[in-house]
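Each chain is listed here by its residues.
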Amino acid sequence: VKYVYDFSEGNKDLKDLLGGKGANLAEMTNLGLPVPPGFTITTDACRTYMGTGVLPPELRVEVTMALRRLEDELGRSLGDFHDPLLVSVRSGAKFSMPGMMETVLNVGLNDASVQGLAKFAGDERFAWDSYRRLIQMFGKTVLGIDGELFSDALDAAKKARGVTADTGLTADDLRELVGEFKQIVLEQSGREFPQHPREQLDLAIEAVFNSWNTERARLYRRRERISDDLGTAVNVVAMVFGNLGDDSGTGVCFTRDPSTGVPGDYGDYLPNAQGEDVVAGIRNTLSLADFEKLNPQAFGELRQVMRRLETHYRDLCDIEFTVERGKLWMLQTRVGKRTAAAAFRIAHQLVEENLITKDEALERVTGEQLSKLMFPQFDASAQRTLLATGMAASPGAAVGQAVFSSATAMEWKAQGKDVILVRRETNPDDLGGMIASVGVLTSRGGKTSHAAVVARGMGTTCVVGAESLEVDVTAREFSVKGKVVREGDTIAIDGSTGEIFLGAVPVVPSPVVRYLEDGLEAALDELPEDDEETRELVVAVDTIITHADTVRTLRVHANADTPEDAHRARAWGGQGIGLCRTEHMFLGDRRVLIERLILAKDEAEQQKALDALLPLQREDFVGLLTEMDGLPVTIRLIDPPLHEFLPDYTELSVKVALAAERGETGEEVERDKTLLAAVEKTREANPMLGLRGVRLGIVIPGLFALQMRAIAEAQAARIKAGGTPKAEIMIPLAASVMELHLVKDEAEVILATVAQEQGVELDIPVGAMIELPRAAFTADRMADVAEFFSFGTNDLTQTTWGFSRDDVEGAFFNQYTEKGVFNVSPFESLDTQGVGGLVKMAVEKGRATRPDIKLGVCGEHGGDPDSIHFFHGAGLDYVSCSPFRIPVARLEAGRAAV
Ligand code: ADP
Ligand code: MG
Ligand code: MG
């Protein structure tokens, strides 16, 4: 293998091998831009080093040869005592990890070459400044010495001289400081500062490799989902000097504003400085405009390079440069990170400038960025008091009064108050309170905790796992850093940053939502004429999402159970309902009817309960079919275990026992007793795997029949009203084709009967959810009966992995992600190998039996970008997600198609 590449040998597409920095230094070199010469040690070498713990011997040889080429080119040799070559040794992984890894500058300086450097440059001060920087960086990075020891010594020297900036130190001060630094090295590491230039180089290379595995680098990678085994490249670059006086300096710049996307030159410049001085903020930086005044020629050249790079990369570039005695040198470039708003605006601008195609524009933005733009945002310029920071679970900016129970949340909401529900963690009982709240805040749990998942589904702002909060639900207060927030106090939470503020923070609503709901014209009408930035943003979102709609092959449906949700889904571009959960229609007032059904002593009583439910269900479906006229509405027959509709077992037993003890009698007591018996009978150890889904339909006569009749009658009613209803019946949790046969036979009879009664033709397809491994394995058989499949990937994930979501997410998932069993919870993003493998198999088998079978997916994964790309690849016809995720799904489906 070849471990070392000269800059002239690489290019920007070799990021895997040369890292981002190395690949782009090579690209700039080959563009003829002024890059100091150098070479890159590959990530291959790093991986070998990590495996064996020693630098591969061939690497030493290759470094020697590359170094010779460099020395020959420049006519100087590393660390030579009169006119030395100095180099920087710089980390640079495939993905940029800002500030995570190490860089050592001025390698090659020692007690002899510092004299040579001084003479060559004609500047004593500069030479000693460079030497003290080397010892400082080398001591910290390579020898692992506490950096504060050096900075304290530097501060002491400044104080002694009576100056505040390091530029105020004289050559003598710096020479003295070098002595002190060497002493620190000796004391702390037990060895002299290495004088041999090649030893410095080799140790620095090894240190850069090691910096790949520091705690903070690992942490960063876990957060950014970057794999731990990529390794970093090392760049060895001939030094150029920004600390050679006032006509020298160093800076960073962007070709467009990375926070807004406005085209232009943005950046900071620091005269007479080296390396990290700019970012470290040790002196106040100048703007590029000031730099232009200071050095118009170098600035002119920089601007030309910026234009050149932007045209070449066809994107916003982020640049590091240095000016040595008026001459410009490029030290780094990359396609720059940017905010969500900037991403959309820049992509749109580049299309307008004919630099990229619309397909490419689509690739430059993400669904996550779009969702960030959809939430109201806190006004960052407002005065704010930060209490704590938790995990950002569901974006948005919520201001409300703190409440500590679901009941209070609902009560206060009914009084017209905005509330934020604060809990240690939430559970399904809190749903009502969560719906009533503008925001949800928990002190426990991660991004896949109940609170997080539910809030995201509802589009409610949510911050979870704010561990510094002591939540006391009984006392109705929480405390943090000695501050106590009581029920009714106003707080503000930012679901994009995880920040929690005391008191109200003003918000600004998102014009992007206005656009999504009411269209471009309405959104623009509402914006001030002179707010060009926001106007451009809305236009950009429109252009890009419209393009996504034209290229995507996946349809986007919504999970919706109510006419209001259906209405929103349609407004936001939903092309149907992919999952209507009918169980929600049995809650609230109707719960008693279900109770009666379960408690019925004979068929007559049962029928009475069913008859009472029928008109209610029918009206539910009429409402949905009206909103979604002309579009498919997939209705899932009742799915959850029965006990979810009955009172809680413990509470009820206590109530019955108390009544007995007090000798109470009467109708209610009798009813409670019967109810308790029923609850006891339906109690299950593993409800998720118990009597639910199609099993209910088969075991409890009349239940599915009722629902299917309601669907048929609703369809008939809509047809008679002149509509174009497209109801579909979906059977949950089937594992065997026999189950489907039983239900479908019943469906056919009901549909025929209702068709005759109503005198209309009823064409209502019957399909199956594929959410059990057995259903996937036997999908060819299932497709004999099922006219469509909808993958229920939530249950399919549970049953494939053999864990129940409610039991595992808080319990051990954190450790599982930390230890790398998975990068991200398989409930958040589809496990493409396991669960995805089953999906692919079922698609193939289903199509083999029934070539025109309609295939979709419903559940959380339908709105998750990575999962959407997978479903596109698997050849599904649609994804279904919560109404709030529709725009994200439209965009991602488009991105998957280009
Ligand atoms: P990071 O990845 O943290 O940005 P770099 O490797 O880019 O680290 O180095 C940080 C800074 O050091 C650069 O921005 C540049 O200013 C300075 N630097 C690196 N190499 C050289 C060099 N050969 N000559 C002069 N300055 C350099
Ligand atoms: Mg850099
Ligand atoms: Mg399911």
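Treat the numbers as computed from the prediction; the structure is a model and nothing was measured.

**Notes on the overall build of the protein chain**
A tally of regular secondary structure across the protein chain gives 37 helices and 31 strands. The principal-axis extent of the C-alpha atoms belonging to the protein chain is close to 110 × 65 × 60 Å. By the burial criterion, 50% of the 898 residues in the protein chain qualify as buried. Of all intrachain contacts in the protein chain linking residues separated by at least 6 positions in sequence, the fraction that spans at least 24 positions is 67%.

**Overview of the confidence of the model for the protein chain**
Across the protein chain, the average pLDDT comes to 92, with 99% of residues at or above 70. Interface predicted TM-score (ipTM) for the complex: 0.95; the corresponding pTM is 0.81.

**Examining the sheet that holds strand β4 (residues 103–107)**
As summarised here, the arrangement of the five strands in space is β1-β2-β5-β3-β4, forming an open sheet in which the pairing is antiparallel. In the strand order of this sheet, the two ends are held by β1 (4–6) and β4, each with one partner. The sheet shows a mean angle of 20 degrees between the axes of neighbouring strands, direction not considered. Direction of pairing for strand β3 (residues 87–93) relative to strand β5 (residues 232–238): antiparallel, over a ladder of seven bridges. The residue of β5 that forms the bridge with valine 89 is valine 236.

**Quick word on the environment of alanine 455**
Checked against the element boundaries, alanine 455 lands in helix α18 (residues 450–458). Judged by the 28 C-beta atoms lying within 10 Å of it, alanine 455 falls in the buried class. Each C-alpha atom, one on alanine 455 and one on leucine 431, is 9.5 Å from the other, the two residues being 24 residues apart in sequence. Sequence-distant contacts of alanine 455, that is, excluding residues within four places in its chain, are made with Ala393, Ser394, Met434, Val440, Thr460 and Cys462.

**Observations concerning the domain arrangement of the protein chain**
Along its sequence, the protein chain is carved into domain 1 (69–238), domain 2 (249–335), domain 3 (376–509) and domain 4 (552–641 + 684–897). Placing a centre on the C-alpha atoms of domain 2 and another on those of domain 4 gives a separation of 55 Å.

**Comments concerning the sheet that holds strand β10 (residues 327–335)**
A sheet is described by the order of its strands in space; here five strands give the open sequence β8-β7-β6-β9-β10, paired in antiparallel fashion. Two strands in the sheet have a free side with no partner beyond their single neighbour: β8 (286–287) and β10. As judged from the seven bridges shared by strand β6 (residues 249–256) and strand β7 (residues 263–271), these two strands associate in the antiparallel manner. Counted as the bridge partner of threonine 250 is leucine 270 from β7. Those strands touched by helix α12 (residues 296–313) are β6, β7, β9 (317–324) and β10, and its axis lies near 150 degrees from that of β9.

**Things to note about unusual backbone geometry**
With a phi close to 50 degrees, asparagine 272 is a non-glycine residue in the positive phi region. Following the sequence through the fold, asparagine 272 ends up in the loop between β7 and α10 (277–280). By C-beta crowding, asparagine 272 is classed as buried, having 21 other C-beta atoms within 10 Å. Although it is not a glycine, lysine 481 adopts a positive phi angle of roughly 45 degrees.

**Some points on the site of ligand 1**
Looking at ligand 1, there are 17 residues lining it, with Ser88, Arg90, Thr103, Val237 and Gly275 nearest. Listed by contribution, the elements that provide at least two residues to the shell around ligand 1 are β3, β4, β5, β9 and β10. Here the shell around ligand 1 is built from residues that sort into seven nonpolar, seven polar and three charged. Taken domain by domain, the shell around ligand 1 gets at least three of its residues from each of domain 1 (69–238) and domain 2 (249–335).

**Regarding the pairing of β5**
The buried fraction of β5 is high, at seven of seven residues. Across the two faces of β5 the burial is the same, with Thr232, Val234, Val236 and Ala238 and Ala233, Asn235 and Val237 all buried. As judged from the four bridges shared by strand β2 (residues 38–41) and β5, these two strands associate in the antiparallel manner. Bridge pairing in β5 links threonine 40 to asparagine 235.

**Some details on helix α7 (residues 171–189)**
For α7, spanning 19 residues, the distance from its first C-alpha to its last is 27 Å, which sits close to the expected 27 Å at 1.5 Å a residue. Regarding α7, the residues found buried are Asp173, Leu174, Leu177, Val178, Phe181, Ile184 and Val185. End-on, the buried residues of α7 take up no more than an arc of 140 degrees, which puts them together on one face. Opposite the buried face of α7, at more than 90 degrees from it, the exposed residues are Asp172, Gly179, Gln183, Leu186 and Glu187. Remark: glycine 190 follows α7 within two positions and exhibits a positive phi of approximately 75 degrees.

**Section: the pairing of strand β26 (residues 632–636)**
Taking burial as the measure, the five residues of β26 include five buried ones, the bulk of the element. The side-chain alternation of β26 yields two buried faces, one formed by Pro632, Thr634 and Arg636 and the other by Val633 and Ile635. In the sheet, strand β25 (residues 577–581) pairs with β26 via three bridges, with the strands oriented parallel. Across the sheet, isoleucine 577 pairs through a bridge with valine 633, a residue of β26.

**Focus on helix α25 (residues 649–661)**
Helix length check: α25 (13 residues) gives 18 Å between terminal C-alpha atoms against 18 Å at 1.5 Å per residue, within 8%. Among the 13 residues that make up α25, zero are buried, leaving the element largely open to the surroundings. Positive phi appears at glycine 663, one or two residues downstream of α25, with a value of about 70 degrees.

**Digging into the packing of helix α24 (residues 603–627) against helix α28 (residues 703–720)**
Contact pair α24 / α28: the axes reach a minimum separation of 8 Å and the direction vectors enclose 45 degrees. As summarised for this structure, α24 and α28 are arranged oblique, according to the angle between their axes. As for how α24 packs across α28, the hand of that crossing is right-handed. Two secondary-structure elements touch here, α24 through Leu610, Leu613, Leu614, Gln617, Arg618, Phe621, Val622, Leu625 and Thr626 and α28 through Leu706, Gln707, Arg709, Ala710, Ile711, Glu713, Ala714, Gln715, Ala717 and Arg718.

**Description of the environment of leucine 762**
Relative to the elements of secondary structure, leucine 762 occurs in the loop between α29 (737–758) and β28 (766–770). As for leucine 762 and leucine 751, which are separated by 11 residues in sequence, their C-alpha atoms are 6.6 Å apart. Dropping the residues within four chain positions of it, leucine 762 is found in contact with Ala712, Gln715, Ala716, Leu751, Val754 and Ala755.

**Some details on the packing of helix α5 (residues 124–141) against α7**
Two numbers describe how α5 lies on α7: the axes approach to 8 Å, and their chain directions differ by 20 degrees. Relative to α7, the element α5 is oriented roughly parallel. In this structure, the crossing between α5 and α7 has a hand that is left-handed. Contacts from Glu124, Arg125, Trp128, Asp129, Tyr131, Arg132, Ile135, Gln136 and Gly139 of α5 reach α7 at Ala171, Leu174, Arg175, Leu177, Val178, Phe181, Lys182, Ile184 and Val185. Its residues placed into classes, the contact of α5 with α7 shows 10 nonpolar, two polar and six charged.

**Observations concerning the environment of glycine 519**
Structurally, glycine 519 can be placed in the loop between α19 (511–518) and α20 (520–526). Separated by 53 residues in sequence, glycine 519 and tryptophan 572 place their C-alpha atoms 9.6 Å apart.

Basis of the calculations
- Residues numbered from 1 in each chain as written.
- Chains lettered and ligands numbered in written order.
- Predicted model: local features only at pLDDT ≥ 70, side-chain atom pairs only at ≥ 80, totals over all residues.
- Helix = DSSP H or I, 4+ residues; strand = E, 2+ residues; numbered from the N terminus.
- Buried ≥ 20, exposed ≤ 12 C-beta atoms within 10 Å, placed from the backbone.
- Contact = placed C-beta atoms within 7 Å.
- pLDDT = per-residue confidence, 0-100.
- Pairing = 2+ DSSP bridges.
- Axes fitted to C-alpha atoms, helices over the stretch in contact; angles between N-to-C directions.
- Domains from an automatic or database assignment.
- Near = placed C-beta within 6 Å.
- Nonpolar A, V, L, I, M, F, W, Y, C, P; charged D, E, K, R; others polar.
- Expected span 1.5 Å × (residues − 1).
- Arc of directions from axis to C-beta.
- Parallel < 35°, antiparallel > 145°, perpendicular 65-115°, else oblique.
- Left-handed = near helix turned anticlockwise from the far one by under 90°.

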